[in-house]
Amino acid sequence: MLQDTFGRTIDYIRVSVTKQCNFRCQYCMPNTPFDAFDKDEYIPLDNVLEFLKVGIDQGIKKIRITGGEPLLRKDLPEFIAKLREYSKDVQLVLTTNGFLLQKSAEILKKAGLDRINISLDSLKREKIMQISKKDGLNNVLLGIDEALRHGFGIKINSVILKGVNDDEILDLMEYAKSKNISIRFIEYMENIHASDVILGVREKDILEKIATKFKFKILDEQIIGPAKLYQCDDGYIFGIIAPHNDDFCQTCNRIRLTAEGVICPCLYYQDSVDARSALMSKDPKEIKKVLEQAVFNKPEKNQWDESMPKDKISARAFYHTGG
């Protein structure tokens, strides 16, 4: 079992398999050239597999595959199948923008993937183009339907931006309810790679908008994860991820591995462990050593602090860490 110095059990790893993405979202990397990344820098997935085997042996129960856009990796289904073969019990989850999901859902299901989180920031074509620089709405909606057809558990992630899609909060929630899938509204996380003209919408304002149509209450049960969950009178549950608060840090159970072999104990904390040599060696003892070091280094809480000066916002690229 992996346990940090604050007594938290670490049983969840998020793995970025690529920094490449076919979207250029305003809150992530709007001005990054499409040919900016060198694929040779990536750790081969067979090596990542050996890392995750050690993690599973040390008590990891959930693995989330992220990017960039993970479905750009042609060898991803084979990687997932090998993970599933190694452990029938580990929970395998994917986060995607959904653009390629319609073509991938069936093979991902056969490979052994359990659940999918899909980014959907708007139900309007022109707004998706404004946010992501991609005419992708139709593909994403078709991908959601195809994933549902194959029996995937699905969550929608929606980053809410002031003056862009904050007028669609209720529409997005109605869409999710109509599909009987969960939705998480996410506060924009300031970072130096994002557009400098966008502003996020805070949890309080999101809840006020939802309250104009729905009656809801906060769920009191402690649930490990960053989302604060709310239940409507009809039983529907939605969530809000508010990184500017640190109230979920006390139950944080995760670490992150980047596509280049760096382990990040916290998404918004600059300390990390360079595990590349250990991963390239495939030596279980070396892998176990860097894994335990990363867990030992895990901070008590994140550094999202409204009092921090503007030039101190995150320098970490979220497409790098699977944020």
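Residues numbered from 1 in each chain as written. Predicted model: local features only at pLDDT ≥ 70, side-chain atom pairs only at ≥ 80, totals over all residues. Heavy atoms only, no water.

S.K.: Could you give an account of the overall build of the protein chain, with specific residues and numbers?
M.R.: A tally of helices and strands in the protein chain yields 10 helices and 12 strands. Here the protein chain holds 323 residues, and the buried ones make up 55% of them. Put simply, of all contacts in the protein chain between residues at least 6 apart along the chain, 73% involve residues at least 24 apart. Counting every atom, the protein chain has about 14,800 Å² of accessible surface; 48% of that belongs to carbon and sulfur. (Helix = DSSP H or I, 4+ residues; strand = E, 2+ residues; numbered from the N terminus. Buried < 20%, exposed > 50% of the residue type's maximum accessible area, 1.4 Å probe, protein only. Contact = heavy atoms within 4.5 Å. Areas by Shrake-Rupley, 256 points an atom, 1.4 Å probe, with all protein chains shown as cover.)

S.K.: Can you tell me about helix H5 (residues 137–149), naming the residues and giving the values?
M.R.: For H5, spanning 13 residues, the distance from its first C-alpha to its last is 18 Å, which sits close to the expected 18 Å at 1.5 Å a residue. Of the residues making up H5, those classed as buried are Leu137, Val140, Gly143, Ile144, Glu146 and Ala147. The elements touched by buried residues of H5 are helix H3 (101–111), strand E4 (115–119), helix H4 (125–132), strand E5 (153–160) and helix H6 (169–179). (Expected span 1.5 Å × (residues − 1).)

S.K.: Can you lay out the pattern of salt bridges for me, pointing to particular residues and giving the numbers?
M.R.: A complete count under the given rule lists 20 salt bridges for this structure. The residue Asp75 makes a salt bridge to Arg73 at a minimum N-O spacing of 3.1 Å. Assessed through its relative accessible area of 16%, Arg73 is described here as buried. Measuring nitrogen to oxygen at the nearest pair gives 3.4 Å for the salt bridge that ties Glu203 to Lys228. A residue pair is termed long-range when its members are at least 10 positions apart, and Glu203 in helix H7 (residues 203–211) and Lys228 in strand E8 (residues 227–232) qualify at 25 residues. Lys228 gets classed as partly exposed once you look at its relative accessible area, which sits at 25%. Connected via shared salt-bridge partners are Lys19, Glu41 and Glu260. (Salt bridge = Lys/Arg side-chain N within 4 Å of Asp/Glu carboxyl O.)

S.K.: Talk me through helix H2 (residues 76–86); I want residue IDs and the actual numbers.
M.R.: Every buried residue of H2 is listed here: Leu76, Pro77, Phe79, Ile80, Leu83 and Arg84. Projected onto a plane normal to the axis of H2, the buried residues spread over an arc of 160° and lie on a single side. Contacts made by the buried residues of H2 are with helix H1 (45–57), strand E2 (62–66), strand E3 (91–96) and H3. (Arc of directions from axis to C-beta.)

S.K.: How would you summarise the pairing of strand E10 (residues 254–257) if you had to cite specific residues and measurements?
M.R.: Burial of E10 is two-sided: the residues Arg254 and Arg256 facing one way and the residues Ile255 and Leu257 facing the other way are all buried. Bridge count between strand E1 (residues 12–16) and E10: 4 bridges; the pairing is parallel. Note that in E10 the partner of Val15 across the bridge is Leu257. In this sheet, strand E11 (residues 262–264) lies alongside E10 in antiparallel orientation, the contact comprising 2 bridges. For Leu257, the partnering residue across the bridge sits in E11 and is Ile263. Hairpin geometry of E10 and E11 is characterised by an intervening segment of 4 residues between the two adjacent antiparallel strands and by a positive phi of about 95° at Gly261. (Pairing = 2+ DSSP bridges.)

S.K.: Go over the nonpolar core with me, naming the residues and quoting the values.
M.R.: With 90 residues, the main nonpolar core has Ile63, Phe185 and Phe238 as its most contacted residues. The contact partners of Phe185, leaving out residues within four places of it in the chain, are Ser158, Ile160, Ile169, Leu172, Met173, Ile206, Ile210, Phe238, Gly239, Ile240 and Ile241. (Core = buried A, V, L, I, M, F, W, Y, C linked by side-chain atoms within 4.5 Å.)

S.K.: Give a detailed account of the environment of Asp167, specifying residues and quantitative values.
M.R.: For Asp167, the location among the structural elements is in the loop between E5 and H6. Counting along the chain gives 45 residues from Asp167 to Ser122, while the straight-line C-alpha distance between them is 9.6 Å. Contact partners of Asp167, with chain neighbours within four places excluded, come to Lys124 and Lys127.

S.K.: An account of the packing of H3 against H5 is requested, with residue identities and associated values reported.
M.R.: Orientation of H3 relative to H5, taken along the N-to-C sense of each, is 20°, at an axis distance of 8 Å. Regarding the angle of H3 to H5, the classification is roughly parallel. Our pair here, H3 against H5, has a crossing hand that is right-handed. Contacts from Leu101, Gln102 and Ala105 of H3 reach H5 at Leu142, Gly143, Ile144, Glu146 and Ala147. Partitioning the contact of H3 with H5 into residue classes produces 5 nonpolar, 2 polar and 1 charged. (Axes fitted to C-alpha atoms, helices over the stretch in contact; angles between N-to-C directions. Parallel < 35°, antiparallel > 145°, perpendicular 65-115°, else oblique. Left-handed = near helix turned anticlockwise from the far one by under 90°. Nonpolar A, V, L, I, M, F, W, Y, C, P; charged D, E, K, R; others polar.)

S.K.: Describe the packing of aromatic side chains, with residues and values.
M.R.: A full pass over the atoms with the stated rule returns 4 aromatic pairs. Measuring from ring centre to ring centre gives 6.0 Å for Phe23 and Phe99, while their planes differ by 70°; the resulting arrangement is edge-to-face. With a gap of 76 residues between them, Phe23 in the loop between E1 and H1 and Phe99 in the loop between E3 and H3 connect regions that are remote in the sequence. Given the relative accessible area of 17%, Phe99 is considered buried. Within the aromatic cluster, the residues linked to one another by ring pairs are Phe216, Tyr230 and Phe238. In this structure, Lys109 is placed above the aromatic ring of Phe152, and the distance from its NZ or CZ to the ring centre is 4.8 Å. Between the NZ or CZ atom of Lys134 and the centre of the ring of Phe99, over which it lies, the distance is 4.8 Å. (Phe/Tyr/Trp six-rings, centres within 6.5 Å; stacked < 30°, edge-to-face > 60°. Lys NZ or Arg CZ within 6 Å of the ring centre and 35° of its normal.)

Any link to function would need more than the numbers given here.
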